[in-house]
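Inside the fold
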Amino acid sequence: MATHTLEIDTLNRYLNKACPEIGTVLSAEKFSGGQSNPTFKLNADSGVYVLRRQPPGKLLKSAHAVDREYRVINALSNTEVPVPKVYHLCEDADIIGSMFYIMAYVEGTIYWNSALPEVDSPKTRGAMYDEMNRVLAVMHSVDIEAAGLTSYGKPGSYFSRQLSRWTQQYRASELEHIEDIEQLITYLEENLPEDDGQIALVHGDFRLDNMMFDMSNLDAPKVIAVLDWELSTLGHPYADLAYQCMQLRLPSDIAHASGLGGLDRDALGIPSEEEYVDAYCKRRGIDKIENWTFYLAFSFFRLAAILQGVVKRAHDGNASSDKAMQLGAMVRPLAQIANKTIHQNG
């Protein structure tokens, strides 16, 4: 079955029994964008909803985990983390061709460029970054046990396990020897911090374009929904913080990155990395983050390994080669920026 269509009659027959509060779906429209899980806007006689499904066909065991997304969004519904209301999870792939869930449609604005060129006021830009910072701190402060998420991931030794996992992933996708990557892996292996016991819900892809904003008050913009929980797990909170700061270090002209590297943050009203980290620490009652260089370097390596996997799939004929090659061109520069960061901070 094509990923861009839904059999509405089939869906309605199922929902009539499984989730009657949705009512009758009248039409379904696929959202544009690069979601790995096809996402549809449902217009029903009771209102507007969003259906998010796995792609049809054979999938890697842990990929496209819409059931995990449903679980974590549902678990966060009684916390301060802004998430849409979820209505139903269907784990039977035979209904529409793959597992899916339905959630509320949230009316808001998504921004794709870290420099926020659509926003006129430096003050508003600064307030948006501060709001993201607040949401990140709130998410990392969620009581895992009270939310029913104690089995959502393996607690402890997060960076040790992640470094092993992404090194294996990179080796499995490697198409050429890149000395900058080898230097980065060596640094990470030799500077792996001891586990400090911190365990939090981590998003895994916490960035501007996975937030939906209410911009009705430009002096106090609000994040009204954190989206795309596909990579979320129990892990170390500094992984999310470093990942976001890594993105903001990327050059503004690197393919698909729209980073803030080389831009005048002060003129834009966007906080510096030091200011952003300090605000997070104040919110969470932390004096100082040790091993910050390691966390940043790891984030660069993780992204490089992910992109190398995209290139390998294209090389094997399983992905769009044009876009994959553009993304693949980022692998070496990512390692170079990471190594430069290490030397500057070393």
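Rules of the game
Residues numbered from 1 in each chain as written. Predicted model: local features only at pLDDT ≥ 70, side-chain atom pairs only at ≥ 80, totals over all residues. Heavy atoms only, no water. Helix = DSSP H or I, 4+ residues; strand = E, 2+ residues; numbered from the N terminus. Buried < 20%, exposed > 50% of the residue type's maximum accessible area, 1.4 Å probe, protein only. Phe/Tyr/Trp six-rings, centres within 6.5 Å; stacked < 30°, edge-to-face > 60°. Lys NZ or Arg CZ within 6 Å of the ring centre and 35° of its normal. 1 Å grid on protein atoms, 1.4 Å probe; cavity = no way out; pocket = protein on both sides within 12 Å on 5 of 7 lines; lining within 4 Å. Points joined across faces, edges and corners; volume = space filled by probe spheres on them. Nonpolar A, V, L, I, M, F, W, Y, C, P; charged D, E, K, R; others polar.

Per an unreviewed UniProt entry, the recorded name for the protein chain is Aminoglycoside phosphotransferase, and the organism is Alteromonas stellipolaris.

A positive phi is found at Leu116, a non-glycine position, where the angle reads about 50°. Within the element layout of this structure, Leu116 appears in the loop between β5 (100-104) and α3 (122-140). Taking relative accessible area as the criterion, Leu116 reaches 0% and is therefore assigned buried.

Applying the stated rule across the entire model yields twelve aromatic pairs. Considering the side-chain rings of Tyr49 and Tyr87, the 5.2 Å spacing of their centres and the 85° angle between planes classify their relative orientation as edge-to-face. Here Tyr49, found in strand β3 (residues 47-53), pairs with Tyr87, found in strand β4 (residues 86-90); they are 38 residues apart in sequence, far enough to count as distant. Geometrically, the ring pair formed by Tyr170 and Phe301 is tilted, given 6.3 Å between the ring centres and 55° between the ring planes. Of this pair, Tyr170 sits in helix α4 (residues 158-173) while Phe301 is found in helix α9 (residues 292-315), placing the two residues 131 residues apart along the sequence. Note on Tyr170: relative accessible area 0%, which makes it buried. Put simply, the rings of Tyr158, Phe159, Tyr238, Phe294, Tyr295 and Phe298 touch in pairs and so form one group of aromatic residues. For the cation-ring pair, Arg68 lies above Tyr152, with the distance from its terminal atom to the ring centre recorded as 3.9 Å. Here the basic side chain of Arg302 rests over the ring of Tyr243, its NZ or CZ set 5.4 Å away from the ring centre.

Right, let's get into empty space enclosed by the protein. Rolled over the atoms, a probe sized like a water molecule indicates the empty space that remains. Enumeration over the complete set of coordinates arrives at one cavity of 30 Å³ or more. Here the largest cavity defines a volume of roughly 70 Å³. Along the walls of the largest cavity sit Tyr158, Gly204, Ala239, Asp240, Tyr243, Phe298, Ser299 and Arg302, which together make up its complete lining. Elements with a minimum of two residues in the lining of the largest cavity: α6 (237-249) and α9. In terms of residue class, the lining of the largest cavity is made up of four nonpolar, two polar and two charged.

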